[in-house]
Structure formats: structure tokens, C-alpha cells
Amino acid sequence: MKKDVNENLTSDCSTNDWPKISENLSEIAVDSSDIEYKNVRSNYMRVGSPKIILMAKTVSDVREAVLYAKNVRETSKTYVPFSIRSGGHGMTTDSVNDGGIILDVSQMNEIRMVDDKKGLVSVQAGAVWGDVSAFLSKYDRVISSGDFGDTGVGGLATAGGLGLLVRQNGLTIDHIKEATVVTADGRVHLANNQKNKELFWAIRGGISNVGIVTEFIFEAPKLLGENTETQQMPLPVYLQTVRYESNKLGEFVKNWGDWIRKLPNELTSIAIISKNYEKNDFYVDVMNLWAGDNEKKADPIFKNALNLATVIQSETNLLCYTSLIPTPHEKHQAQESNRPLNVLVDQPTETLGDAITKVFDDKKVVAVELRSLGGAVSTVPVMETSWSGRKKEAFVAVWFDTKNVQIAHKIFEPIRKLGTGAYGAYSFDTSQDFANLTWPEETGQALKKIKKKYDPTELFDQGLTII
Ligand SMILES: Cc1cc2nc3c(=O)[nH]c(=O)nc-3n(C[C@H](O)[C@H](O)[C@H](O)COP(=O)(O)OP(=O)(O)OC[C@H]3O[C@@H](n4cnc5c(N)ncnc54)[C@H](O)[C@@H]3O)c2cc1C
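Predicted model only: the values in this text are computed from it and were never measured. (Residues numbered from 1 in each chain as written. Predicted model: local features only at pLDDT ≥ 70, side-chain atom pairs only at ≥ 80, totals over all residues. Heavy atoms only, no water.)

(A) Expanded view of the site of the ligand. Among the 32 residues in the neighbourhood of the ligand, the closest are listed as Ser86, Gly90, Ser95, Ser208 and Tyr423. Gly152 places a main-chain nitrogen or oxygen 2.8 Å from an oxygen atom of the ligand. At a separation of 2.7 Å, an oxygen atom of the ligand approaches a polar side-chain atom of Tyr423. For the ligand, whose free accessible area comes to 950 Å², the fraction covered by protein is 96%. Broken down by element, the residue count for the shell around the ligand peaks at four residues, all from helix H6 (residues 153-159). Residue composition of the shell around the ligand, grouped by class: 13 nonpolar, 16 polar and three charged. (Near = heavy atom within 4 Å. Polar contact = N/O pair within 3.5 Å; in protein donor to acceptor, adjacent residues only side chain to side chain. Areas by Shrake-Rupley, 256 points an atom, 1.4 Å probe, with all protein chains shown as cover. Helix = DSSP H or I, 4+ residues; strand = E, 2+ residues; numbered from the N terminus. Nonpolar A, V, L, I, M, F, W, Y, C, P; charged D, E, K, R; others polar.)

(B) Region of interest: the sheet that holds strand E4 (residues 101-104). Taken in spatial order, the four strands make up an open sheet running E1-E2-E4-E3, and their pairing is mixed. Each of the sheet's edge strands pairs with one partner strand only, and the pair in question is strand E1 (29-30) and strand E3 (82-85). Summarising the sheet, strand E2 (residues 52-55) and E4 pair through four bridges and their orientation is parallel. Opposite Ile53, over in E4, you have Ile102 as the bridge partner. (Pairing = 2+ DSSP bridges.)

(C) Just helix H14 (residues 441-454), in detail. The end-to-end C-alpha distance of H14, which contains 14 residues, comes to 20 Å, matching closely the 20 Å that a straight helix rising 1.5 Å per residue would cover. All of the buried residues in H14 are Thr443, Gly444, Leu447, Ile450, Lys451 and Tyr454. End-on view of H14: buried residues confined to an arc of 135°, all on one side of the axis. Turned more than 90 degrees off the buried face of H14, the exposed positions are Glu441, Glu442, Gln445, Lys449, Lys452 and Lys453. (Expected span 1.5 Å × (residues − 1). Buried < 20%, exposed > 50% of the residue type's maximum accessible area, 1.4 Å probe, protein only. Arc of directions from axis to C-beta.)

(D) Molecular detail of the UniProt feature "domain: FAD-binding PCMH-type" (unreviewed entry) in the protein. UniProt's feature table lists "domain: FAD-binding PCMH-type" (unreviewed entry) at residues 46-223, given in the numbering used throughout. What you have in residues 46-223 is 25% helix and 24% strand, and the ends, taken at the C-alpha atoms, are 36 Å apart. (UniProt positions renumbered as here; feature names shortened; annotations may be inferred.)

(E) Examining the pairing of strand E11 (residues 267-276) more closely. Among the 10 residues that make up E11, nine are buried, leaving the element largely enclosed by the rest of the structure. Pairing between E11 and strand E12 (residues 281-291): 10 bridges, direction antiparallel. The partner of Ser274 across the bridge, within E12, is Tyr283. What sits between E11 and E12 in their antiparallel hairpin is a turn of four residues, with Asn280 showing a positive phi close to 55°. Relative to strand E15 (residues 365-372), E11 runs antiparallel, the two sharing four bridges. Opposite Ile272, over in E15, you have Glu369 as the bridge partner.

(F) Here's a closer look at the domain arrangement of the protein. With domains assigned, the protein is organised as domain 1 (5-104) and domain 2 (111-224). Spacing between the C-alpha centres of domain 1 and domain 2 amounts to 25 Å. Roughly 1100 Å² of surface becomes buried between domain 1 and domain 2 when both sides are summed, with 76% attributable to carbon and sulfur atoms. When the area that domain 1 buries against domain 2 is broken down by residue, the three leading residues are Val59, Ser86 and His89, summing to 39%. Seen at the junction of domain 1 and domain 2, the total is zero salt bridges. Inspection of the domain 1/domain 2 interface yields two residue pairs in polar contact (both at pLDDT 80 or more). (Domains from an automatic or database assignment. Buried area = accessible area lost by both parts, 1.4 Å probe. Salt bridge = Lys/Arg side-chain N within 4 Å of Asp/Glu carboxyl O.)

Given below as C-alpha cells:
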């Protein structure tokens, strides 16, 4: 028999002013007296101690949960955090909290083909990208999303989405055709380019500032091979992996940037830099992904990549895109202890490479990640969505072995100074400075206005928000 959650809500003097929970919410509520609590209290980066977790199964549950959280905020004498969790991989770590409410939509994870001819697919926010990728492979289609399959649709598809084919297919948000959004007043909106345009704009890059997305309709492009001589690989992608050794990161970063700038959109490049402290130089592990199986076009580019610095090892393979997205469906146990900060830069320059060299002076820096942008990302007008970094050439993230954001910031400073934008979903910084870098100028002003209209009491204030 389901126990009475209300008993637990009123047994603790810190929450005895919380309003009673309805019978319906009681059915989907988990609290510390449940065996299940230990499995749902945390996310990938943080152990949470929420008072209550509402495991929504329907849009109506989400609606009711939002209204309940609003009611708690209005009646409780103390501040009650209200978190939204989809895949639980949020780097701000705020999809769980201590002492508050978590609305979890992970059970709303249906993936359904709506129109095979147009590639329109309906994906609920609780699905994870590995499952989306496996589903779409049956239709020879891909939505370039995250590089880790357990990452959630809700958090990534409201933030941007820098996928493995980002230069070929653009950001994940560029494929959203429609979304169902629950706003702070509990209303459910269908948002697209005709209806509720402001909301539609704001949920494509604005994270949870204006509401909770429960379902997306994406248009997923085809990824087909051109090679008819050999047996066709489904969703073919050439992957070149190269390990370089370099003691001149300035030179490497400039060469890498100059090389990518001239390349066709089919090529996306991701570099992970780590320091070899014994030799006092750097390893740069690069993944170059070519969308498709056109070996004639890809091969000369891969050959050129070997001239960027001293190569220790390299390999090229034709693979199915889906095999590049590991999806272990792991339980959340705060298994990731490192934290990232990031900026977007106009161009990868020698100065950036020198700044990367400098941050490695501190051993709290675990790795630096460079991702190529440009290509299809840059062809979308800046104000088309609330993701404003369209004209930047690269994304730079530093991973720290510290959970202290001030310490990380101090180390990050040489790189931060070179940033002219940021990606809100790939950082544990939730400061207003970072929000202003993520949503600068016209984008920030527009997002603030829409937030004021749909969330006037700032119910959605966890994670990165704009004030
Ligand atoms: C291992 C790993 C690999 C990653 N790789 C990539 C990558 O390749 N490319 C990339 O772009 N990003 C990547 N990310 C970052 C990722 O996009 C963000 O962390 C994203 O927020 C995760 O979404 P989630 O649903 O799993 O997170 P959650 O922890 O569930 O949510 C994070 C935040 O998103 C918001 N949110 C969640 N659900 C909703 C919803 N339904 N409606 C509105 N807002 C919502 C909330 O503010 C919440 O606090 C990676 C993260 C990790 C941990």
C-alpha cells in the first residue's frame, strides 16, 4: 500500500508549512522513507537530499507538479528549491537539490516516428540521446546531439546541443520543429514557428528559463552512404583518431583552427588536450568525424590532419554513427566528480593555445576540450534561436578536479579573457556573469522579457537562469 506522503511532509519542522499533496501527486511521489529514494535522489554529478521527488508520467503530472511547487514557494516561510530533471546529466548539477522538490520526467521517454518521409520524430524530454540515436538508425536518420548516450533530451535540447556532426547538421536545437511547454502558471502550450513563437524561440537555447518542455518534434536528417561498390554501412561516418605530442600548444591550436576553417561541413573535429607532466609536454587526442562514406573526399583531409603536429599514433575507420554513442543506462550516483567551465571563441589562435598551456600550470586541470563550430551552426541567423554563439569558431572547455567554482575560475582566467560567448549547458558556473556571456545583448534582453512574461515569480530558478 502506498504510504501517505503528507505524513512525512509535516513530520519535519522545517517543512511543516508545506501544503498538502494531492492524491494524484502522492501516487508519483518518492521521499526519504521509500526504498526507491536512494535510486532517484541524485544526478550524474551530485548527491541530492530533496524532500520529495515527483516522478511524472504524463503532461498532466508535470502540470500538477508545477502548480504544487508554486504553491509551496508561496506558502512556505523558507525558500524551497524546485529542480527539473530529464536525463540527470546537467553540468550545473542543479537538477537535484537539498530540502526541496525535484520534478523528474525520465519516465516520459517515448520516441515515435511521426512522418517517415519528412523525418519528423516525436521525442519526450525524458528519453536519452543514445536511445534516440538507436531508434533513428532504423530510418537512416541522425540528430547530432551529445557524445554520451545517457545524456538527456530535456536538458540538452533546450540548451543547444554540440554533437559529433555539429558542423554538418548544426545544433540539436536547429532541428526542433515544435515543442510542448508547461509554464509556471501550469498552462500547457504548443510552441512552433506559428504558435507561441516567443516560447518557441526561448526554449531553443534558453534552457529552463521559461518552462518545462515535455515533448519535442524534431526533423531528423538522413545520413546515407554514397559508396555503392561495397556493402553499405548504416549511418556511415569516417572516424579518424590522432594522438599528437606537442610542447607548442600555441602553434597547434592555431594550425588546428586554420585547418578547420577551410574544410567542408562534413568534417567535425574534437580535441582533448592533457599534460604529460613527466615530459612537460602535451598529448592532443583528436577525433575527426566525416559525415558519410565518401573516402575520396575524406582521405586528403585526414592526410592533412597528420601535419598539424608530431603524430604518435593515428587510425581511420568507417563506423556506424550509433556505435560512437555509448549508452550504458547507468543509475545516477554522482559518479562524475570533475567539473567544467567553458567559453566560445571567435577563432582558435596561438594566444588561446598559450592560455591553455598556462592553465595546465595548475594540476587541478584535468583536460581541455576544443570543439570545432562553424559550418551549419554559423548559417543560422543569430536571433533565430536563443543560442547566440553562431559566429564563433570554437568551443573551449576546461575540466577541473575541484568542485569549488571560485578556485576553478581563478585558474580559468587566461582562457576566460579570450571568450566572447559561452555554452550554458557545459559549465558548473551559474553566476549572472556567465548567464550574460551565454545570452548576451539582444538575446539576453529578449530572453529576460519572455521569462518575465511566463515566469514572473522566478519559479524556474535552478541551473543557469537569467534575471
Ligand atoms: C558525460 C556528458 C557528456 C556530455 N556531452 C555533451 C555533448 O556532446 N554536447 C552537448 O551539447 N552537451 C553535452 N553535455 C552537456 C549536456 O548537454 C547538459 O549537461 C544537459 O543539461 C544534460 O541534459 P539532461 O537532461 O541529462 O540533464 P538534467 O540534469 O536532467 O537537466 C539539466 C538542466 O536542464 C534543464 N532541464 C532539464 N530538463 C528540462 C526540460 N524537460 N525542460 C526544460 N529544461 C530542462 C534544467 O535547468 C536542469 O537543471 C554532456 C554532459 C555530460 C555529463
